[in-house]
Amino acid sequence: LARGFLVREDKTLRATPAGEALIDAVHPQVRSPAMTGEWEFKLREIERGRGKLDAFMASIEAFVAELVASMGGGTRAPIVPAAPRIDAMADAALARAKRAVKREEAPRPVIKTEPPKNVPPATREAKPVELRAPLEETLAERFGHRLFRPHQRAICEHLVAGRDVLVVMPTGAGKSLCYQLPGLARGGTTLVVSPLIALIEDQAAKLNAAGMRAERIHSGLPRESARETCRAYLRGELDFLFIAPERLRVPGFTELLERRPPTLIAIDEAHCISQWGHDFRPDYRLLRERLPQRGAGPIVALTATATPSVQRDIVEQLGMPQAVQSIHGFRRDNLAIHVLDAPPGQRPILTRELLAQPGRLPAIVYAPSRALADQLAADLKTHAYHAGMEPAARERVQRAFLGGELNIVVATIAFGMGVDKADVRTVVHLASSSSVEAYYQEIGRAGRDGKPSLAMMLCSAQDRRTQQFFFERDYPAVTELERVFVELSDEPTPKLTLAKKLRLENEALDVILDKLWLHGGARVDHDERAVRGSVDFRRSYPKHRASKAAQLAHMERYLDTRECRMLALLEHFGDSEDAKAPCGHCDRCRPNERPLRATQVVEARIERTRRHTPQADAPEKLLEALRAFRRDEAKARGIPPFRVMTDRALVAIAQERPSSEAELRALPGVGPTLAKKHGARILRIVRD
């Protein structure tokens, strides 16, 4: 603690109430993202053994003292009486922080409870609760269900008893009830961490419609709404609080949760925590140190797509080694899975033929690109759904599909998360997926009502070459990272200097620096100057790259398998309790039965892709203005510029000069987050 800044035992920097008063009294600079980012970076360096905690604390204290002196000695009333108490807290807090840096975190004590039979003891400090009513009674009264689905009751009992649980069950198997029912049974508020706003909104709306009290905090809501939700949480008025993982980054939010600890913590889409998974998100990786610890209830981690290695990683990263693991239900007896070899030019024709057959609608068609989604949607006289569309337009398409006004949606993989439509009869993939996990999640949106449904993938060897191209582009060889690393030093090196010296294109160098930055091998400042980091990347990055390569290899093996498609999926996800009987209706079980007639197949047109040529006619003044914006934003957030906007996106904006957000979203490298967060400012720069 340096005049009100507490270094927690998990080594994260927080402000105490006295520190908040000091900040307000001293200077707004302390609240700047740049300052916070710098201090958090130094703490991470200390954690890695590249810095001394005492020196760091002394530098903060000197900084605060200097600011106090610069404002006349800090004469505001809250500071003077608070100072002795702050100093008294400092010794104990600093001692705890030192101990935390020197040792690994000790295992949590085991809490003795009266567990169900044959259940390992819990490792979190979560106590069992006495039920006010039997679970079946709550199930019927609050959710309108007479019976549990398979495995739901056992999961709920473990959580009521205070045990951590990992739930891996397929889409549509009823995972949501596995935290909602025990959450109500335990009383208090259940904290739900979810990665997508659409999921948060959907779940909260359903709970509120059922008469429960659910609120949410995410970037799509106004700030005052978040404040009121926090006040309602502290007053004990909520049954469920949904947040995006990024919310736990906000200074003071974890402390707010600890003032009234959640009685249950649910981590939805938990596979995002694993860098070996198909949808890794860095903010999920930090959940363990950011979640409230004191007095919080058990954790339930839920996902529909986690291989055995990802399952182990989830349990390890969340710090729940004794968690009960419920890995069940991956068999879908009503789903016929077919894979058909078809060149790209034939796939739209085959799709039209398939969906014209009786009983094939409603349907979701997954296209590998926005352009193909738009084109096929026009051919089918329906609507597309992808990240290049306005949010309101996407919302209208999703609502129309869920409401039955649309029978077909042609979408990129952006569509589907949070879409709960029971009667989807067909899911078509117009290209091979990048991983078995993503593929299984997408086909799982068909036939949730239990009626016969079809999953059709149209692919060819060309897809594999495309996937390999993107893999090599996005995950450079370790030797490429090493080549850049050895050119770095303790002195900042401009990115352009590196590019010229190593004869690398800007975009390729950005990818390499991004990987080095993520794995600690380099530090990149807001002026695009890189400094050598730790050699630890030599250990972590090869594992990360190998896991991505393994996902592609698993997908290839799945496409080539001669055994039942369903059995191959069960083996991939480690569903050990399945009877291992063939499904009887996939293309391997019934090789002579095809949903498509071969006579309809036509010759494919040869499609050529032209490489994007950056900076062909981009005006230099506009490029420089965009670079200045990117540099300022990177400086404010304490991140490298390529994390704000890639060179590819920057050049495309300068070339095309978009005049609306829709035009901006359509440009290569511009995702929905960039357009939503900075679209207005970028368009103003272009216009000016």
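Everything numeric in this text was worked out from a predicted model, so none of it was measured.

A. Inspection of the overall build of the chain at higher detail. Scanning the chain for helices and strands turns up 27 helices and 18 strands. Out of the 688 residues belonging to the chain, those deemed buried represent 51%. Summarising the internal contacts of the chain: among those between residues at least 6 apart in sequence, 74% fall at separations of at least 24. For the chain, the exposed surface amounts to about 32,700 Å²; the carbon and sulfur share of it is 51%.

B. A look at helix 19 (residues 478-487). When we look at burial in helix 19, the residues that qualify are Leu481, Val484 and Phe485. End-on, the buried residues of helix 19 take up no more than an arc of 105°, which puts them together on one face. In the core, the buried residues of helix 19 are packed alongside helix 20 (495-502), helix 21 (506-518), strand 18 (529-532) and helix 22 (537-560).

C. The arrangement of the confidence of the model for the chain in detail. The share of residues in the chain with pLDDT of 70 or more is 78%, and the mean pLDDT across the chain is 78. Looking across the chain, the model is least confident in helix 4 (residues 79-102), with a mean pLDDT of 42, and most confident in strand 14 (residues 426-429), with 96. Of the regions scoring below 50 in pLDDT, residues 71-94 engages in 28 contacts with residues more than four places distant in sequence or in other chains.

D. Highlighting the pattern of salt bridges. Within this structure, the stated rule accounts for 33 salt bridges. One salt bridge in this structure joins Asp202 and Lys206, with 3.3 Å as the shortest N-O distance. Placement of the pair is Asp202 and Lys206 together in helix 8 (residues 197-209), with a separation of four residues, close to one helical turn. Its relative accessible area of 38% is what places Lys206 among the partly exposed residues. A salt bridge links Arg643 to Asp514; the shortest N-O distance between them is 2.8 Å. Taken together, the residues span a long stretch of sequence, with Arg643 in the loop between helix 24 (620-637) and helix 25 (647-656) and Asp514 in helix 21 at a distance of 129 residues. Asp514 gets classed as buried once you look at its relative accessible area, which sits at 14%. Here the residues in one salt-bridge network are Glu224, Arg227, Glu228, Arg231, Arg235 and Glu237, joined through shared partners.

E. Representation of the sheet that holds strand 9 (residues 324-327) within the structure. An order of 5-6-4-7-8-3-9 is seen for the seven strands of this open sheet, with the pairing classed as parallel. Of all the strands in the sheet, the pair left with one neighbour each is strand 5 (214-217) and strand 9. Pairwise comparison of adjacent strand axes, ignoring direction, gives a mean angle of 15° for this sheet. Where strand 5 meets strand 6 (residues 240-243), four bridges bridge the pair, whose relative direction is parallel. Residue pairing for strand 6: Ala214 is matched across the bridge by Phe240. Along the sheet face, helix 6 (residues 152-160) touches strand 3 (165-168), strand 7 (264-267), strand 8 (299-303) and strand 9 and points at about 160° away from the line of strand 3. On top of the sheet, helix 7 (residues 177-186) reaches strand 4 (190-193), strand 6, strand 7 and strand 8; it is set at about 170° to strand 7, its chief contact.

F. Focus on the packing of aromatic side chains. A full pass over the atoms with the stated rule returns eight aromatic pairs. Look at Tyr440 and Phe573: their rings are 5.2 Å apart centre to centre, the planes differ by 55°, and that puts the pair in the tilted class. Of this pair, Tyr440 sits in helix 17 (residues 436-443) while Phe573 sits in helix 23 (residues 565-573), and the two are 133 residues apart along the sequence. The same class applies to Tyr440 as to Phe573, namely buried.

G. Spatial organisation of helix 7. A large share of helix 7 lies buried, amounting to ten of its ten residues. Backbone geometry just downstream of helix 7 places Gly187 in the positive-phi region, at approximately 80°.

H. Fine view of the state of the cysteines. A complete count under the given rule lists zero disulfides for this structure. For the unlinked cysteine Cys564, the closest cysteine sulfur is that of Cys583, found at 3.6 Å. Judged by relative accessible area, which is 6%, Cys564 ranks as buried.

I. Here's a closer look at the nonpolar core. With 73 residues, the main nonpolar core has Ile267, Leu291, Ile314, Leu318, Ile337 and Tyr558 as its most contacted residues. Looking at this core element by element, the count peaks at six residues for helix 23. Of all hydrophobic cores here, the second largest spans 32 residues; its members include Phe143, Leu159, Leu184 and Phe242.

J. Representation of the environment of His554 in the model. Here His554 lies in helix 22. When its relative accessible area of 29% is taken as the criterion, His554 is described as partly exposed. Here the alpha-carbon distance between His554 and His572, two residues 18 residues apart in the chain, equals 8.4 Å. Every residue in contact with His554, bar those within four places of it in the chain, is listed here: Val436 and His572. Among the polar contacts listed, one links the side chain of His554 to the side chain of Arg557, at a separation of 3.0 Å.

K. Seen up close, the sheet that holds strand 10 (residues 335-341). Strand order in this open sheet of six strands is 10-15-14-11-13-12, and the pairing throughout is parallel. This sheet does not close on itself; its edge strands, each paired only once, are strand 10 and strand 12 (383-385). Here the average twist between neighbouring strands, direction ignored, is 20°. Looking at chain direction, strand 10 and strand 15 (residues 453-459) are connected through seven bridges and run parallel.

L. Quick peek at the packing of helix 19 against helix 20. In the contact formed by helix 19 and helix 20, the axes pass within 11 Å of each other and the chain directions differ by 120°. The angle between helix 19 and helix 20 places the two elements in the oblique class. For the crossing formed where helix 19 meets helix 20, the hand is right-handed. Note on element contacts: helix 20 touches helix 19 through Leu498, Lys501 and Leu502, opposite Arg483, Val484 and Glu487. Looking at the contact of helix 19 with helix 20 residue by residue, the class counts come to three nonpolar, no polar and three charged.

What counts and how
- Residues numbered from 1 in each chain as written.
- Predicted model: local features only at pLDDT ≥ 70, side-chain atom pairs only at ≥ 80, totals over all residues.
- Heavy atoms only, no water.
- Helix = DSSP H or I, 4+ residues; strand = E, 2+ residues; numbered from the N terminus.
- Buried < 20%, exposed > 50% of the residue type's maximum accessible area, 1.4 Å probe, protein only.
- Contact = heavy atoms within 4.5 Å.
- Areas by Shrake-Rupley, 256 points an atom, 1.4 Å probe, with all protein chains shown as cover.
- Arc of directions from axis to C-beta.
- pLDDT = per-residue confidence, 0-100.
- Salt bridge = Lys/Arg side-chain N within 4 Å of Asp/Glu carboxyl O.
- Pairing = 2+ DSSP bridges.
- Axes fitted to C-alpha atoms, helices over the stretch in contact; angles between N-to-C directions.
- Phe/Tyr/Trp six-rings, centres within 6.5 Å; stacked < 30°, edge-to-face > 60°.
- Disulfide = S-S within 2.5 Å.
- Core = buried A, V, L, I, M, F, W, Y, C linked by side-chain atoms within 4.5 Å.
- Polar contact = N/O pair within 3.5 Å; in protein donor to acceptor, adjacent residues only side chain to side chain.
- Parallel < 35°, antiparallel > 145°, perpendicular 65-115°, else oblique.
- Left-handed = near helix turned anticlockwise from the far one by under 90°.
- Nonpolar A, V, L, I, M, F, W, Y, C, P; charged D, E, K, R; others polar.

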